[in-house]
Amino acid sequence: RVARNEIYARHGRMFTDPMLQNYFDQCPWYHGRIPADSFSESVFNDYELYNRNLIAAYEEKMGY
């Protein structure tokens, strides 16, 4: 879950989940500036989209 959301965090997305927000707030590279409901995945490149989908498929397969 953290790995998938790191892709979002690296683009400045803020999180409504307090655990995720707290985790990324501790990362020196994280600068949350885009509210979750305003974030657009259009900023992702092909590698980020592939990795997000790969991680999400794994999470689903494992029942997370």
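Up top is the structure these notes are about.
Notes on the structure follow. (Residues numbered from 1 in each chain as written. Predicted model: local features only at pLDDT ≥ 70, side-chain atom pairs only at ≥ 80, totals over all residues. Heavy atoms only, no water.)

## Section: a nonpolar patch on the surface
Stated formally: For patches, a residue must show more than 30% relative accessible area and have no salt bridge; joins then use 9 Å for like charges and 5 Å for nonpolar side chains, namely Val, Leu, Ile, Met, Phe, Trp and Tyr. Working definition of accessibility: Shrake-Rupley area with a 1.4 Å probe, residue cover restricted to the visible protein chains. When a carboxyl oxygen of Asp or Glu lies within 4 Å of a side-chain nitrogen of Lys or Arg, that pair is called a salt bridge. By definition, any uninterrupted DSSP run of H or I lasting at least four residues is a helix, any uninterrupted run of E lasting at least two residues is a strand, and each is numbered from the N terminus. Burial classification: accessible surface area is computed with a 1.4 Å probe over protein chains only, and a residue below 20% of its type maximum counts as buried, one above 50% as exposed, and the rest as partly exposed.
Together, Tyr58, Met62 and Tyr64 give the surface a local cluster of nonpolar side chains, amounting to about 390 Å² of exposed area. Along the chain, Met62 turns up in helix H3 (residues 46-62). Relative accessible area serves as the criterion here: at 42%, Met62 is assigned to the partly exposed category.

## Looking at the packing of aromatic side chains
Here is the rule: Ring pairs are drawn from Phe, Tyr and Trp, using the six-membered ring of Trp, whenever the two centres fall within 6.5 Å, and their geometry is named by plane angle: stacked under 30 degrees, edge-to-face over 60, tilted for the rest. Geometrically, a lysine NZ or arginine CZ counts as sitting over a ring once it is within 6 Å of the ring centre and also within 35 degrees of the ring normal.
Using the criterion set out here, one finds 10 aromatic pairs in the structure. On the numbers, 5.1 Å between centres and 85 degrees between planes, the contact of Tyr23 with Phe24 is edge-to-face. Exposure remark for Tyr23: the relative accessible area of 38% places this residue in the partly exposed category. Where Phe24 meets Tyr30, the ring centres are 5.9 Å apart and the plane angle is 40 degrees; that geometry is what we call tilted. The pair formed by Phe24 and Tyr30 is uniform in burial state, with each residue classed as buried. Between Arg10 and the ring centre of Trp29, over which it is positioned, the NZ or CZ distance is 4.0 Å.

## Description of the environment of Phe39
As a reminder, the rule being used: Contact between two residues is taken to exist if any of their heavy atoms lie within 4.5 Å; hydrogens are not considered.
With respect to the helices and strands, Phe39 occurs in the loop between helix H2 (18-25) and H3. Exposure remark for Phe39: the relative accessible area of 14% places this residue in the buried category. When the C-alpha positions of Phe39 and Asn22 are compared, they lie 18 Å apart, and in sequence the two are 17 residues distant. If sequence neighbours within four positions are ignored, Phe39 has contacts with Tyr8, His11, Arg13, Ile34 and Phe44.

## Focus on the side chain of Glu48
Heads up, the rule is: Here a polar contact is recorded for every N or O atom pair within 3.5 Å, except that within protein the pair must consist of a potential hydrogen donor and a potential acceptor, and residues adjacent in sequence are included only if both atoms are side-chain atoms.
For Glu48, the position within the fold is in helix H3. Within the structure, Glu48 has its side chain in polar contact with the backbone nitrogen of Asn45 (distance 2.8 Å). In contact with Glu48, not counting residues within four places along its chain, are Ile7, His11 and Val43.

## Describing the pattern of salt bridges
Counting across every chain of the model gives 4 salt bridges. For the salt bridge of Arg4 with Glu59, the shortest nitrogen-to-oxygen distance reads 2.5 Å. Of this pair, Arg4 sits in helix H1 (residues 2-9) while Glu59 sits in helix H3, placing them 55 residues apart in sequence. Given a relative accessible area of 8%, Glu59 falls into the buried group. Between Glu41 and Arg52 there is a salt bridge, with the nearest N and O atoms lying 2.4 Å from each other. Here Glu41, found in the loop between H2 and H3, pairs with Arg52, found in helix H3; they are 11 residues apart in sequence, far enough to count as distant. A relative accessible area of 35% places Glu41 in the partly exposed class.

Function cannot be read off these values alone, since they describe shape.
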